[in-house]
Amino acid sequence: MEQLVTSPDNPAPARSRTPHQLLQLPEQQAAGAPRRTRRMRRTLAATALFAAGALALSACGGDAGASGNSDGKNGQAGADAAAAKDASDAKIKVSSKDGATDASINDTGVKVTGGKLTDVKLTVADSGADVAGAISADGASWKPGVQLERGTKYKIVANAKDTKGRSATENATFTTVSSANSFIGSYTPDDGKTVGVGMPVSFNFDKAISNKKDVQSHITVSSSSGQQVVGHWFGAQRLDFRPEDYWKAGSKVTMKIDLDGVKGGQGITGVQSKTVSFTIGRSQVSTVDMDTQNMTIKKDGATLKTIPISGGSADHPTYNGQMVISEKFERTRMDGSTVGFGGEYDIKDVPHAMRLSSSGTFIHGNYWGSPSIFGKSGTSHGCVGLRDAKGGGGDTPGKWFFDNSLVGDVVIVKNSHDETVKPDNGLNGWNLSWSEWQAGSAS
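Just so it is clear, the structure is predicted and the values come from calculations on it, not from any experiment. (Residues numbered from 1 in each chain as written. Predicted model: local features only at pLDDT ≥ 70, side-chain atom pairs only at ≥ 80, totals over all residues. Heavy atoms only, no water.)

Per-residue pLDDT for the protein averages 86, and the proportion of residues at 70 or more is 79%. Ignoring residues within four places in sequence, the model shows residues 1–69, a span with pLDDT below 50, making 21 contacts including any to other chains. (pLDDT = per-residue confidence, 0-100. Contact = heavy atoms within 4.5 Å.)

Turning next to the pairing of strand E26 (residues 362–366). Looking along a regular strand, one sees side chains alternate from face to face of the sheet. Extensive coverage of E26 is indicated by the burial of five of its five residues. Looking at chain direction, strand E25 (residues 346–355) and E26 are connected through two bridges and run antiparallel. Paired with Arg355 across the strands is Phe362, a residue of E26. Between E25 and E26, which pair antiparallel one after the other, the connecting turn spans six residues, and Gly360 there sits at a positive phi close to 115°. (Buried < 20%, exposed > 50% of the residue type's maximum accessible area, 1.4 Å probe, protein only. Helix = DSSP H or I, 4+ residues; strand = E, 2+ residues; numbered from the N terminus. Pairing = 2+ DSSP bridges.)

Counting buried positions along strand E20 (residues 284–289) yields five of six residues, so the element is predominantly enclosed. Bridge analysis of E20 against strand E21 (residues 294–299) gives six bridges, and the strand direction is antiparallel. Directly across from Val288, in E21, lies its bridge partner Met295. Counting the residues between successive antiparallel strands, the hairpin from E20 to E21 contains four residues, one of them, Gln293, with a positive phi of roughly 55°. In this sheet, strand E28 (residues 410–414) lies alongside E20 in parallel orientation, the contact comprising five bridges. Its bridge partner being in E28, Thr287 is matched across the sheet by Ile412.

Moving on: the nonpolar core. Phe203, Phe205, Val215, Ile219, Val221, Phe241 and Met255 are the most contacted members of the largest nonpolar core, which totals 31 residues. Counting residues per element, the ones that place at least two in this core are strand E12 (201–205), strand E13 (219–223), strand E14 (229–234), strand E15 (238–243), strand E16 (252–258) and strand E19 (273–280). With 24 residues, the next largest nonpolar core counts Leu122, Ala160, Phe174 and Val271 among its residues. (Core = buried A, V, L, I, M, F, W, Y, C linked by side-chain atoms within 4.5 Å.)

Here Gln272 shows up in the loop between strand E18 (268–270) and E19. Owing to a relative accessible area of 12%, Gln272 belongs among the buried residues under this scheme. A polar side-chain atom of Gln272 sits 2.7 Å from the main-chain amide nitrogen of Gly185. Sequence-distant contacts of Gln272, defined by excluding residues within four places in its chain, comprise Asn106, Ile184, Gly185, Tyr187, Ile257, Asp258, Leu259 and Asp260. (Polar contact = N/O pair within 3.5 Å; in protein donor to acceptor, adjacent residues only side chain to side chain.)

Here the focus is the sheet that holds E16. Read across the open sheet, the four strands follow the order E11-E19-E16-E13; overall the sheet is mixed. In this open sheet, the two strands that pair with only one neighbour each are strand E11 (194–195) and E13. Across two bridges, the pairing between E11 and E19 is parallel. Residue pairing across strands places Thr194 opposite Thr279, the latter belonging to E19.

Within the secondary structure, Gln266 is located in the loop between strand E17 (263–265) and E18. For the pair Gln266 and Ile209, spaced 57 residues apart in sequence, the C-alpha to C-alpha distance is 9.0 Å.

Turning to the pattern of salt bridges, a few remarks are in order. In total, this model carries ten salt bridges according to the counting rule given. One salt bridge connects Asp89 with Arg166, and the closest N-O pair in it is separated by 3.2 Å. Of this pair, Asp89 sits in the loop between helix H3 (72–85) and strand E1 (91–94) while Arg166 sits in the loop between strand E7 (153–161) and strand E8 (167–175), and the two are 77 residues apart along the sequence. Arg166 sits in the buried class, given a relative accessible area of 15%. Lys399 serves as the salt-bridge partner of Asp403, at 2.7 Å between the closest nitrogen and oxygen. Of the two residues, Asp403 and Lys399 are both situated in helix H5 (residues 397–403); the distance of four residues between them amounts to about one turn of the helix. Overall, the relative accessible area of 47% leaves Asp403 in the partly exposed class. On the accessibility criterion, Lys399 (28% relative accessible area) is partly exposed. Among the charged side chains, a network of salt bridges with common partners joins Asp89, Asp162 and Arg166. (Salt bridge = Lys/Arg side-chain N within 4 Å of Asp/Glu carboxyl O.)

Now for the sheet that holds E25. An order of E24-E25-E26-E27 is seen for the four strands of this open sheet, with the pairing classed as mixed. Of all the strands in the sheet, the pair left with one neighbour each is strand E24 (327–335) and strand E27 (384–387). Averaged over all pairs of adjacent strands, the angle between strand axes in this sheet comes to 40°, irrespective of strand direction. (Axes fitted to C-alpha atoms, helices over the stretch in contact; angles between N-to-C directions.)

What follows concerns unusual backbone geometry. Note the cis peptide between Thr188 and Pro189, where omega equals 5°. By secondary structure assignment, the location of Pro189 is in the loop between strand E10 (185–188) and E11. Look at Gln293: it is not a glycine, yet its phi comes out positive at around 55°. Its place among the elements puts Gln293 in the loop between E20 and E21. A positive phi angle is found at His352, which is not glycine, with a value near 50°. Relative accessible area serves as the criterion here: at 6%, His352 is assigned to the buried category.

Now for the environment of Tyr319. Along the polypeptide, Tyr319 turns up in the loop between strand E22 (302–308) and strand E23 (321–324). Each C-alpha atom, one on Tyr319 and one on Asn415, is 9.5 Å from the other, the two residues being 96 residues apart in sequence. Not counting chain neighbours up to four residues away, the residues in contact with Tyr319 comprise Ser359, Thr361, Val413, Asp418, Glu419, Val421 and Asn425.

With that out of the way, let us pick up a positive patch on the surface. On the surface, Lys93, Lys97, Lys111 and Lys143 cluster together to form a positively charged patch. Assessed through its relative accessible area of 61%, Lys143 is described here as exposed. (Patch = residues over 30% accessible without salt bridge, like charges linked within 9 Å, V, L, I, M, F, W, Y side chains within 5 Å. Areas by Shrake-Rupley, 256 points an atom, 1.4 Å probe, with all protein chains shown as cover. Lys, Arg positive; Asp, Glu negative; His and termini not counted. Charge placed at Lys NZ, Arg CZ, Asp CG, Glu CD.)

Checked against the element boundaries, Lys305 lands in strand E22. Classification of Lys305 by relative accessible area gives partly exposed; the value is 34%. A C-alpha to C-alpha distance of 9.7 Å links Lys305 and Phe401, two positions 96 residues apart in sequence. Once residues lying within four places of it in the same chain are set aside, the contact partners of Lys305 are Met295, Thr296, Ile297 and Trp400.

Below, the structure is given as structure tokens:
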């Protein structure tokens with residue numbers, strides 16, 4: 001058989017280039033079989049790599065014109081569209097945003113539209129402790145059963161289903177506002193109490209408030225009597241509310257606290273949101289006359305009783321002015337060293353004690369004094385003493401007055417040689433005129 005020799009000047013016919021034929025130069029013909037084998041291997045390897053590269057290029061790039069096939073992007077889009085078409089109509093919203101670091105301790109909750117909640121789980125992130133809560137009867141919302149703690153990280157998982165039974169889930173992790181970045185106000189009186197006609201609403205904030213106007217505007221106090229109620233600031237941390245005159249007997253007072261999210265000053269936000277109501281009882285105002293050492297009690301405007309007392313001595317007179325009973329103790333310890341009197345007295349079982357000022361003025365039972373002092377002379381360190389028995393038993397003026405008094409009742413002291421009690425020394429803002437009271441309002 002004639003052997004074909006190919007070269008750049010003498011190419012072989014196209015039909016002779018079969019897979020079994022090699023392209024050889026003249027000098028390769030005489031080299032022998034081994035050299036042809038190595039060249040053949042390299043040629044086959046190159047051909048294989050070229051073929052693999054073509055296949056790889058085809059697999060990555062795709063053939064837009066290929067019938068019945070779509071590329072990866074279009075395939076995923078189709079899958080997404082199919083999933084969206086079958087998605088649940090239930091849309092869940094968690095009030096606290098995922099990742100929030102200043103979430104409310106009051107308003108955390110879950111709502112759903114287009115379906116009903118099936119279960120909600122709220123846990124403390126660090127401990128995994130469950131926080132109790134309840135889904136509403138209509139399945140549209142969920143709320144925790146307790147107020148959340150400040151500065152605490154929580155996790156919530158909410159599940160719902162639409163009318164076709166398709167499920168939806170929402171997750172969120174959030175941290176409530178920290179104690180350092182929030183403020184609260186402790187207040188009196190408490191919800192549901194019945195108090196005397198002199199009882200103001202009094203807030204004591206745990207941080208100084210510089211944005212007084214906004215804070216005051218988010219606390220509203222109203223009375224069923226229709227009396228105008230105005231707030232008054234004592235410094236940066238105390239805000240009291242009262243009407244011009246004593247509350248009307250039998251009226252209902254409602255306090256709405258809407259401080260959640262309110263800026264109290266640089267870097268501090270309110271966290272309270274609640275409504276508190278209390279009832280004003282009968283009107284009882286008692287007047288202590290230091291000239292006569294007697295106290296006259298008027299109930300609903302009529303004189304009920306006159307009781308002999310022993311007020312402050314000449315060296316330690318009792319404050320003048322209108323004072324409100326802020327606390328009641330069947331028995332308490334009175335230690336002179338706690339109010340600046342050193343070791344002059346320390347009585348561990350004072351009966352029927354009722355606080356009139358923050359600085360230590362009480363109206364209380366006195367069992368250690370001679371009965372002859374009552375109605376005759378002042379012997380106390382500034383308190384108003386009533387005859388009583390050790391242990392508080394028996395029928396005594398001290399016990400009678402205690403049993404017939406409410407927190408919020410007014411005790412007026414007159415004709416003392418001391419000054420008038422300061423309006424912020426206890427709940428004694430009645431010692432300011434109405435114009436002075438209004439001048440202290442931030443609204």
